[in-house]
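In case you want the letters, here they are:
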Amino acid sequence: MSYDPSNIFGKILRGEIPAHRVYEDDTVLVMMDIFPQSRGHCLVIPKAPSRNLLDADPATLSAVMPLVQKVAKAVRAATGADGIRLAQFNEAPAGQTVFHLHFHVIPVYEGVALGAHGGGKADDAELAALARDIAAAL
Ligand code: 5GP
(Lines give C-alpha, C1' and ligand atoms only; values in the text may rest on other atoms or scores of the structure.)
Protein backbone atom coordinates (compact mmCIF):
# COMPACT_ATOMS: atom_id res chain seq x y z
CA MET A 1 0.00 0.00 0.00
CA SER A 2 1.27 3.44 -0.87
CA TYR A 3 1.23 6.83 0.82
CA ASP A 4 -1.76 9.04 -0.01
CA PRO A 5 -0.95 12.73 0.66
CA SER A 6 -4.66 13.62 1.02
CA ASN A 7 -4.74 12.17 4.57
CA ILE A 8 -5.63 14.61 7.37
CA PHE A 9 -2.09 14.83 8.80
CA GLY A 10 -0.77 15.56 5.29
CA LYS A 11 -3.23 18.46 5.18
CA ILE A 12 -2.12 19.69 8.62
CA LEU A 13 1.57 19.42 7.63
CA ARG A 14 0.86 21.52 4.52
CA GLY A 15 -1.00 24.11 6.63
CA GLU A 16 -4.33 23.42 4.90
CA ILE A 17 -6.14 22.79 8.18
CA PRO A 18 -5.29 24.05 11.67
CA ALA A 19 -3.78 22.17 14.61
CA HIS A 20 -2.64 22.94 18.15
CA ARG A 21 1.07 22.88 17.38
CA VAL A 22 3.52 22.16 20.20
CA TYR A 23 6.78 22.03 18.25
CA GLU A 24 7.87 22.03 14.63
CA ASP A 25 11.15 21.86 12.72
CA ASP A 26 12.20 20.75 9.23
CA THR A 27 11.63 17.08 9.93
CA VAL A 28 8.84 16.77 12.53
CA LEU A 29 5.59 18.25 13.85
CA VAL A 30 4.33 17.71 17.40
CA MET A 31 0.65 18.59 17.98
CA MET A 32 -2.19 17.89 20.36
CA ASP A 33 -4.56 15.02 19.47
CA ILE A 34 -8.04 16.58 19.12
CA PHE A 35 -9.74 13.39 20.36
CA PRO A 36 -7.39 12.78 23.30
CA GLN A 37 -7.38 9.58 25.33
CA SER A 38 -6.19 11.64 28.30
CA ARG A 39 -5.29 15.25 29.17
CA GLY A 40 -2.08 16.07 27.28
CA HIS A 41 -2.27 13.37 24.55
CA CYS A 42 0.18 14.45 21.81
CA LEU A 43 1.15 13.18 18.40
CA VAL A 44 4.71 13.20 17.06
CA ILE A 45 4.60 13.23 13.25
CA PRO A 46 7.70 12.85 11.07
CA LYS A 47 7.22 15.03 7.98
CA ALA A 48 8.74 12.49 5.57
CA PRO A 49 5.84 10.78 3.79
CA SER A 50 5.15 7.23 4.95
CA ARG A 51 1.91 5.42 5.81
CA ASN A 52 3.26 3.98 9.02
CA LEU A 53 6.23 2.14 10.58
CA LEU A 54 6.18 -0.59 7.94
CA ASP A 55 7.16 1.62 5.00
CA ALA A 56 9.16 4.25 6.93
CA ASP A 57 12.79 5.00 6.12
CA PRO A 58 14.91 3.73 9.06
CA ALA A 59 16.73 7.09 9.01
CA THR A 60 13.41 8.81 9.75
CA LEU A 61 12.85 6.51 12.73
CA SER A 62 16.37 7.09 14.07
CA ALA A 63 15.84 10.84 13.85
CA VAL A 64 12.41 10.91 15.47
CA MET A 65 12.82 8.61 18.49
CA PRO A 66 14.97 11.02 20.55
CA LEU A 67 12.26 13.63 20.04
CA VAL A 68 9.56 11.16 21.09
CA GLN A 69 11.51 10.71 24.34
CA LYS A 70 11.85 14.48 24.77
CA VAL A 71 8.12 14.99 24.20
CA ALA A 72 7.29 12.19 26.67
CA LYS A 73 9.38 13.94 29.35
CA ALA A 74 7.86 17.34 28.54
CA VAL A 75 4.32 15.93 28.66
CA ARG A 76 5.02 14.38 32.05
CA ALA A 77 6.52 17.62 33.36
CA ALA A 78 3.69 19.78 32.00
CA THR A 79 0.78 17.57 33.07
CA GLY A 80 2.02 15.89 36.25
CA ALA A 81 1.15 12.51 34.70
CA ASP A 82 2.10 9.40 36.69
CA GLY A 83 3.14 7.51 33.57
CA ILE A 84 3.39 7.82 29.80
CA ARG A 85 2.08 5.35 27.26
CA LEU A 86 3.59 5.31 23.78
CA ALA A 87 1.38 3.92 21.00
CA GLN A 88 1.76 3.50 17.26
CA PHE A 89 -0.69 1.65 14.98
CA ASN A 90 0.03 0.05 11.60
CA GLU A 91 -2.90 -0.45 9.19
CA ALA A 92 -6.60 -0.38 9.94
CA PRO A 93 -6.97 -3.83 11.57
CA ALA A 94 -4.35 -2.74 14.12
CA GLY A 95 -6.24 0.49 14.90
CA GLN A 96 -4.66 2.96 12.48
CA THR A 97 -7.13 5.59 11.25
CA VAL A 98 -4.81 8.25 9.76
CA PHE A 99 -2.36 6.92 7.21
CA HIS A 100 0.66 9.13 7.84
CA LEU A 101 3.21 7.78 10.34
CA HIS A 102 2.74 9.14 13.87
CA PHE A 103 3.55 8.27 17.47
CA HIS A 104 1.02 8.77 20.27
CA VAL A 105 2.42 10.13 23.56
CA ILE A 106 -0.37 9.49 26.07
CA PRO A 107 -0.13 10.64 29.69
CA VAL A 108 -1.57 8.22 32.24
CA TYR A 109 -2.90 9.41 35.61
CA GLU A 110 -3.05 7.05 38.59
CA GLY A 111 -6.60 5.77 39.03
CA VAL A 112 -7.93 7.41 35.83
CA ALA A 113 -8.95 5.11 32.97
CA LEU A 114 -7.80 6.15 29.49
CA GLY A 115 -10.54 7.30 27.10
CA ALA A 116 -11.31 5.39 23.92
CA HIS A 117 -8.92 5.66 20.96
CA GLY A 118 -10.52 8.36 18.75
CA GLY A 119 -13.18 9.23 21.38
CA GLY A 120 -14.65 12.68 22.15
CA LYS A 121 -13.27 15.98 20.83
CA ALA A 122 -11.42 18.12 23.38
CA ASP A 123 -12.10 21.77 24.16
CA ASP A 124 -9.99 24.02 21.89
CA ALA A 125 -9.00 26.46 24.65
CA GLU A 126 -7.85 23.57 26.83
CA LEU A 127 -5.81 22.08 23.96
CA ALA A 128 -4.23 25.47 23.24
CA ALA A 129 -3.22 25.85 26.91
CA LEU A 130 -1.79 22.32 27.02
CA ALA A 131 0.16 22.92 23.79
CA ARG A 132 1.72 26.05 25.37
CA ASP A 133 2.57 24.25 28.63
CA ILE A 134 4.14 21.26 26.85
CA ALA A 135 6.09 23.54 24.48
CA ALA A 136 7.42 25.44 27.49
CA ALA A 137 8.59 22.15 29.07
CA LEU A 138 10.36 20.96 25.91
P1 5GP B 1 -4.31 6.41 14.61
O2 5GP B 1 -5.57 5.69 14.92
O3 5GP B 1 -4.16 6.58 13.10
O4 5GP B 1 -3.10 5.87 15.26
O5 5GP B 1 -4.46 7.83 15.26
C6 5GP B 1 -4.96 8.95 14.64
C7 5GP B 1 -5.17 9.96 15.72
O8 5GP B 1 -5.41 11.20 15.11
C9 5GP B 1 -6.35 9.66 16.64
O10 5GP B 1 -5.90 9.57 17.98
C11 5GP B 1 -7.28 10.85 16.42
O12 5GP B 1 -7.86 11.26 17.62
C13 5GP B 1 -6.36 11.90 15.86
N14 5GP B 1 -6.98 12.82 14.93
C15 5GP B 1 -7.89 12.52 13.96
N16 5GP B 1 -8.19 13.62 13.25
C17 5GP B 1 -7.46 14.63 13.78
C18 5GP B 1 -7.34 16.03 13.46
O19 5GP B 1 -7.98 16.56 12.55
N20 5GP B 1 -6.47 16.75 14.22
C21 5GP B 1 -5.75 16.19 15.24
N22 5GP B 1 -4.93 17.00 15.92
N23 5GP B 1 -5.83 14.89 15.56
C24 5GP B 1 -6.68 14.12 14.85
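Here's what I pulled together on the structure shown here. These numbers come from a predicted model, not from an experiment.

Thresholds applied
- Residues numbered from 1 in each chain as written.
- Predicted model: local features only at pLDDT ≥ 70, side-chain atom pairs only at ≥ 80, totals over all residues.
- Heavy atoms only, no water.
- Near = heavy atom within 4 Å.
- Polar contact = N/O pair within 3.5 Å; in protein donor to acceptor, adjacent residues only side chain to side chain.
- Areas by Shrake-Rupley, 256 points an atom, 1.4 Å probe, with all protein chains shown as cover.
- Helix = DSSP H or I, 4+ residues; strand = E, 2+ residues; numbered from the N terminus.
- Nonpolar A, V, L, I, M, F, W, Y, C, P; charged D, E, K, R; others polar.
- Core = buried A, V, L, I, M, F, W, Y, C linked by side-chain atoms within 4.5 Å.
- Buried < 20%, exposed > 50% of the residue type's maximum accessible area, 1.4 Å probe, protein only.
- Contact = heavy atoms within 4.5 Å.
- Salt bridge = Lys/Arg side-chain N within 4 Å of Asp/Glu carboxyl O.

1. Notes on the site of the ligand
The local shell around the ligand holds 17 residues, among which Asp33, Thr97, His102, His104 and His117 are the closest. In the model, an oxygen atom of the ligand is placed 2.5 Å from a nitrogen or oxygen of the Asp33 side chain. Within the side chain of His102, a nitrogen or oxygen atom sits 2.8 Å from an oxygen atom of the ligand. Coverage of the ligand by the protein amounts to 92% of the 530 Å² it exposes when considered alone. Examining the composition of the shell around the ligand, we find that three residues originate from one element, helix H1 (residues 8–13), more than from any other. Taken together, the residues of the shell around the ligand break down into 10 nonpolar, six polar and one charged.

2. What about the nonpolar core?
Grouped together as the largest cluster of nonpolar side chains are 22 residues, with contacts concentrated most on Val30, Met32, Cys42, Val44, Val71, Val105 and Ile134. Looking at this core, the elements that each hand over two or more residues are strand S2 (28–32), strand S3 (42–46), helix H2 (58–79), strand S5 (103–108) and helix H3 (124–137). Tallying contributions element by element places H2 first for this core, with seven residues. In contact with Val71, other than residues within four places in its own chain, are Val30, Cys42, Val44, Val105 and Leu138. Formed by eight residues, the second largest nonpolar core is a distinct cluster that contains Phe9, Ile12, Leu13 and Leu43.

3. Things to note about the pattern of salt bridges
Applying the stated criterion across every chain, the model contains five salt bridges. One salt bridge connects Glu24 with Arg21, and the closest N-O pair in it is separated by 2.7 Å. Residue class for Glu24 comes out partly exposed when judged on its relative accessible area of 36%. Salt-bridge contacts for Lys47 lead to Glu24; the nearest nitrogen and oxygen are separated by 2.8 Å.

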